[in-house]
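# Coordinate inspection notes
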Amino acid sequence: MILSLILITPIVWTLYFWYKRRNLYRLAAKIPSIDGSSSIIGITHRLVGDNETIMTSLQQFSYSSMKHDGVVTGWLGHILYFVVVNPVDMEHVLKSCLEKDDLHRFVRKVVGNGGIFAPVSIWRRRRKILVPVFSPKIVENFVKVFAEQSRKLVKKLSSYTDKGKINMWPFLSSYTLDSVCETTIGVKINAQDNPDCLFLNAMSNTLQLICQRIFHLWLHPDWLYSLFPQYKTHQKCIGLLHDFTDEVIRKKREELKNEESFKTEVDHEFDLGWYKKATFLDLLIKLSGGEKGYTNVELREETLTLIIAGTDTSAVAVGYTIQLLAKYPEVQEKLYQELYDVFGDSERPLVKEDLMKLKYLGRVVKESLRLFPPVPLIIRKVLEDTKLPSGRVLPAGSGVVCSIWGVHRDPKYWGPNAEEFDPDRFLPERLNLKHTCSFMPFSNGPRNCVGYQYALISIKTVLSTILREYKIVEDKENGLVPKMRVKLDIMMKAVDGYRVALEKREKVPPRKRQ
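Residues numbered from 1 in each chain as written. Predicted model: local features only at pLDDT ≥ 70, side-chain atom pairs only at ≥ 80, totals over all residues. Heavy atoms only, no water.

Under an unreviewed UniProt entry, the name given to the protein chain is Cytochrome P450, and the organism recorded is Arctia plantaginis. UniProt, in its Cofactor (unreviewed entry) section for the protein chain, records the words "heme". (UniProt positions renumbered as here; feature names shortened; annotations may be inferred.)

A count of helices and strands for the protein chain gives 23 helices and 11 strands. A globule of 514 residues ought to have a C-alpha radius of gyration of about 24 Å, and the protein chain, at 24 Å, matches this closely. Dimensions along the principal axes, computed over C-alpha positions, put the protein chain at roughly 85 × 65 × 45 Å. Per-residue burial for the protein chain yields a buried fraction of 54% across its 514 residues. Residue pairs at least 24 apart in sequence account for 76% of intrachain contacts in the protein chain once pairs closer than 6 positions are excluded. If you sum the accessible surface of the protein chain, you get close to 23,700 Å²; carbon and sulfur atoms cover 58% of it. (Helix = DSSP H or I, 4+ residues; strand = E, 2+ residues; numbered from the N terminus. Rg over C-alpha atoms; globule rule 2.2 N^0.38 Å. Buried < 20%, exposed > 50% of the residue type's maximum accessible area, 1.4 Å probe, protein only. Contact = heavy atoms within 4.5 Å. Areas by Shrake-Rupley, 256 points an atom, 1.4 Å probe, with all protein chains shown as cover.)

In this section: the UniProt feature "binding site: heme" (unreviewed entry) in the protein chain. Mapped onto this structure's residue numbering, the UniProt feature "binding site: heme" (unreviewed entry) falls at Cys-449. Position of Cys-449 among the secondary structure elements: in the loop between helix H21 (411-414) and helix H22 (452-469).

Attention now moves to the sheet that holds strand S1 (residues 71-76). Hydrogen bonds along the backbone pair up the strands of a sheet, which may run parallel or antiparallel. Pairing is mixed in the open sheet, where 4 strands are placed in the order S1-S2-S7-S4. The sheet terminates laterally at S1 and strand S4 (377-381), the two strands that pair on one side only. Sheet twist, expressed as the mean angle between neighbouring strand axes with direction ignored, is 25°. Where S1 lies against strand S2 (residues 79-84), 6 bridges are found, and the strand directions are antiparallel. Its bridge partner lying in S2, Val-71 is registered against Val-84. (Pairing = 2+ DSSP bridges. Axes fitted to C-alpha atoms, helices over the stretch in contact; angles between N-to-C directions.)

Taking strand neighbours across the sheet as the criterion, the 3 strands line up as S3-S11-S8 in an open arrangement whose pairing is antiparallel. At either end of the open sheet lies a strand with only one pairing partner, and these are strand S3 (166-167) and strand S8 (470-473). Strands in contact with helix H16 (residues 296-327) are S8 and strand S11 (499-504); relative to S11, the strand with the most contacts, it is inclined by about 70°.

Below, the discussion takes up helix H9 (residues 169-184). Here H9 is 16 residues long and its end C-alpha atoms lie 21 Å apart, about the 22 Å a rise of 1.5 Å per residue gives. The buried fraction of H9 amounts to 15 of the 16 residues, a majority that puts the element mostly inside the structure. Backbone geometry just after H9 places Gly-186 at a positive phi near 75°. (Expected span 1.5 Å × (residues − 1).)

Opposite charge on two side chains lets them pair, provided their charged atoms get close. If you walk through the whole model with that rule in mind, you get 38 salt bridges. Between Asp-282 and Lys-252 there is a salt bridge, and its shortest N-O distance comes to 3.2 Å. Of the two residues, Asp-282 is situated in helix H15 (residues 280-288) and Lys-252 in helix H12 (residues 230-262); the sequence distance between them amounts to 30 residues. Across this residue pair, the class does not change: Asp-282 and Lys-252 are buried. Where Arg-409 meets Glu-419, a salt bridge forms, and the shortest distance between an N and an O atom there is 2.4 Å. Here Arg-409, found in the loop between helix H20 (404-407) and H21, pairs with Glu-419, found in the loop between H21 and H22; they are 10 residues apart in sequence, far enough to count as distant. Looking at Arg-409, the relative accessible area reads 5%, which means it is buried. Each member of the salt-bridge network shares a partner with another, and the members are Arg-125, Arg-126, Glu-298, Glu-301 and Glu-302. (Salt bridge = Lys/Arg side-chain N within 4 Å of Asp/Glu carboxyl O.)

This brings us to unusual backbone geometry. The backbone phi angle of Ser-443 is positive, close to 70°, even though this residue is not glycine. Mapped onto the elements of the fold, Ser-443 is located in the loop between H21 and H22. The phi dihedral of Tyr-498 falls on the positive side, at around 65°, and the residue is not glycine. Within the fold, Tyr-498 resides in the loop between strand S10 (491-494) and S11.

Residues Met-491 and Lys-493 of S10 are buried on one face, and the alternating residues Met-492 and Ala-494, pointing to the opposite face, are buried as well. Sheet topology places strand S9 (residues 486-489) next to S10; 4 bridges connect them, and they run antiparallel. Bridged to Lys-487 within S10 is Lys-493.

As a further point, take the state of the cysteines. With the rule as written, the count across this model stands at 0 disulfides. The thiol of Cys-97 is unpaired, and the distance to the nearest cysteine sulfur, on Cys-402, comes to 8.2 Å. Distance from the sulfur of Cys-402, which forms no disulfide, to the nearest cysteine sulfur (Cys-437) is 8.0 Å. For Cys-402, a relative accessible area of 0% gives the class buried. (Disulfide = S-S within 2.5 Å.)

Below you can see the structure in the form of structure tokens.
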């Protein structure tokens, strides 16, 4: 009797599990599977390996989706995912499926309910505060910080000119961390002066561990993960990130309290120019309601999210652009000509008025973001059956992967040369996208990135500063399709750390040099 019960119970449970999910299986069967996926274990076996292998598989899934009219299915264990590259369907998903996928819970263990990763119920309230924080008038005031930190980076690189290829990642991530910390929390962390910066190392290690955990199913259960050796590193890094941020917030609270007590009555009435010197932390405290607004934990969640996202996104974008310019020297020379037309041979720092004049730089950055978007995928949870404009139905209980990498390279929307590096495709007379989601390096819809203008200003400032001083050199690419090995560390990064060589530029007008 007991033996029979032991044998029957799992069979009954399996049948019940299948019956409860019958709608999911029925709707999934109507959509093609990812090419090469196993009928039994789905795509799980293709996401085992290092971060480069995982990113290669995700790229292949995107190509498979292109072949099947923009939507394919794949099973990750018992979880059903759809990979979407159709921009019309993607827009619908990004507007109607606002809840982040359950895989984001591993990121939330680090940053909590920061705006990017928060559940919808929390995100809606916080988004209303974040939008004015990133208004153009406020963001423009940080150009001076970006310019100063860019000049510091250029000086650091001077010791590495004419010495062969160097790994640019440590320099770029240190620049962005310094810039982000100064503008977000008002702290000069001086990562560029400290190659062993504890905060930067903790952040980098944490992102690698999160990515490893996301794609290895056996690391998902908390109790099981705690038995692995990387758990101690994971917890130690989180503790360091939290302790640092908490201390900054505590000091900022005291500082604002002291400032408030010394204000005159006139100061209380007229806060003229306050926003010009305020950091994002100042603004989050003020706009959330001051002492009655965000708690210290909520402030930590938002500021830590901004620091981590801002640091990696900008550094990755700059790294890819630098490497592309090295591979295509004719594009680099054209860009340097534009920079020389604006700055001449002067040493003056970039100011916000210069950004509007650097139109070719803008096109180069956009093309770099198209081919190598720092965030290659967006994953959302499907809470109820969702009919896409293409007619397919995503069943409740599934997840949907919007492949930014895929839609940016789909010949249906970018033409037969979609894989080629061509900044002039963004010329107004040439750019004729039929759908906004065909180009979305900073996502789209209600949960798009509120800091995209901030990121673009930082990216353009540091690129212009570097290129005015140095010529970037690498083996010239054979052909118009750039070949780079990439990996997934939450963001999509170059395997080689953006290795290029630097040569000191001659202060001679490019046209005269020719």
